[in-house]
Amino acid sequence: MTIIKTIKEIVIQKYLENITLKKSERSNEIKFELNEEDKLAKCTKAKFKYLEEENSEIIVYKFDKNEKITKIHDKLPFFNDLSKLRSMCDFIILYSKNDKDILYVFLCNLKSDNKGNSNDQLNSGEIFSDFIINTAKRYSNDDNIKNIKIKYQKIVFSSKLLSKGTTKFDKTSKKGKRNYVSKENESQICDLDIICNEIKGK
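For the structure given in this document, a descriptive report is provided here. (Residues numbered from 1 in each chain as written. Predicted model: local features only at pLDDT ≥ 70, side-chain atom pairs only at ≥ 80, totals over all residues. Heavy atoms only, no water.)

### Examining the packing of aromatic side chains
To describe a pair of aromatic rings, you give the distance between the ring centres and the angle between the ring planes. The full count for this structure, using the stated rule, is nine aromatic pairs. For the pair Y15 and F63, a centre-to-centre distance of 5.3 Å together with 35° between the ring planes defines the contact as tilted. Taken together, the positions of Y15 in the loop between α1 (3-10) and β1 (22-23) and F63 in the loop between β4 (57-61) and β5 (68-69) put the pair 48 residues apart, joining distant regions of the chain. Seen in terms of ring centroids, F48 and F157 are 5.4 Å apart; in terms of plane orientation they differ by 65°. Their pairing is edge-to-face. In this pair, F48 sits in strand β3 (residues 45-51) while F157 sits in strand β9 (residues 149-158), placing the two residues 109 residues apart along the sequence. For the pair F48 and F157, one class covers both residues: buried. Here the aromatic residues F32, F48, Y50, Y95, Y104, F157 and Y180 are joined through ring pairs into a cluster of three or more. The ring of F91 carries K62 above its face, with NZ or CZ at 4.7 Å from the centroid. (Phe/Tyr/Trp six-rings, centres within 6.5 Å; stacked < 30°, edge-to-face > 60°. Helix = DSSP H or I, 4+ residues; strand = E, 2+ residues; numbered from the N terminus. Buried < 20%, exposed > 50% of the residue type's maximum accessible area, 1.4 Å probe, protein only. Lys NZ or Arg CZ within 6 Å of the ring centre and 35° of its normal.)

Dropping the structure here:
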């Protein structure tokens, strides 16, 4: 049992995002997209790619759902509805490569023209992911899972660069985020493996 399979076992399945993995006919490159539910948004999709390895695994969760259960919102229902408490990033991507001692976690937001509360959402996603992963470690009897390292990367897709100081999409800003442009006629692709190689040693 791997860390990703363990997480799938303990987390309610309805939060697992259904993604279509498209494999290249010429290589082992895999591409997939994550889509914004609001079709009126200027930034409606996030594109990713990675190289498929023999034991690589990838899953995507969306905890920021707009569903309702009776009179309470399904998003973090154990918190009161106070400012910032129910912030959550749009998607959480869990990715493991052949180096099974590391789990890469990509916290992803889709934004239009403004940053809004993106920082709060991304930070909340990291804290929540940490809780889920450590719960999986506690639940498992496998020492390899208990000792796995976690590497985080925050990613924002937006219809335009969100600030003048934002670095190019292939570099991480001083605040630890990468900003990719995604709009109707232009969509940059996030290469997960490039980021993994960069943050592996940190």
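### Some remarks on the pairing of β9
Of all 10 residues that make up β9, eight are buried, and the element is covered over most of its length. With 10 bridges connecting them, strand β8 (residues 102-111) and β9 associate as parallel partners. Along β9, the bridge assignment pairs Y104 with K151. One ladder, built from five bridges, connects β9 with strand β10 (residues 177-183); its direction is parallel. Bridge pairing links F157 to Y180 in β10. (Pairing = 2+ DSSP bridges.)

### What to know about the sheet that holds β1
A sheet is described by the order of its strands in space; here four strands give the open sequence β1-β2-β3-β12, paired in mixed fashion. Each edge of the open sheet carries a strand with a single partner, namely β1 and β12 (189-191). Relative to β3, strand β2 (residues 29-35) runs antiparallel, the two being bridged by seven bridges. Bridge pairing in β3 places L34 opposite A46.

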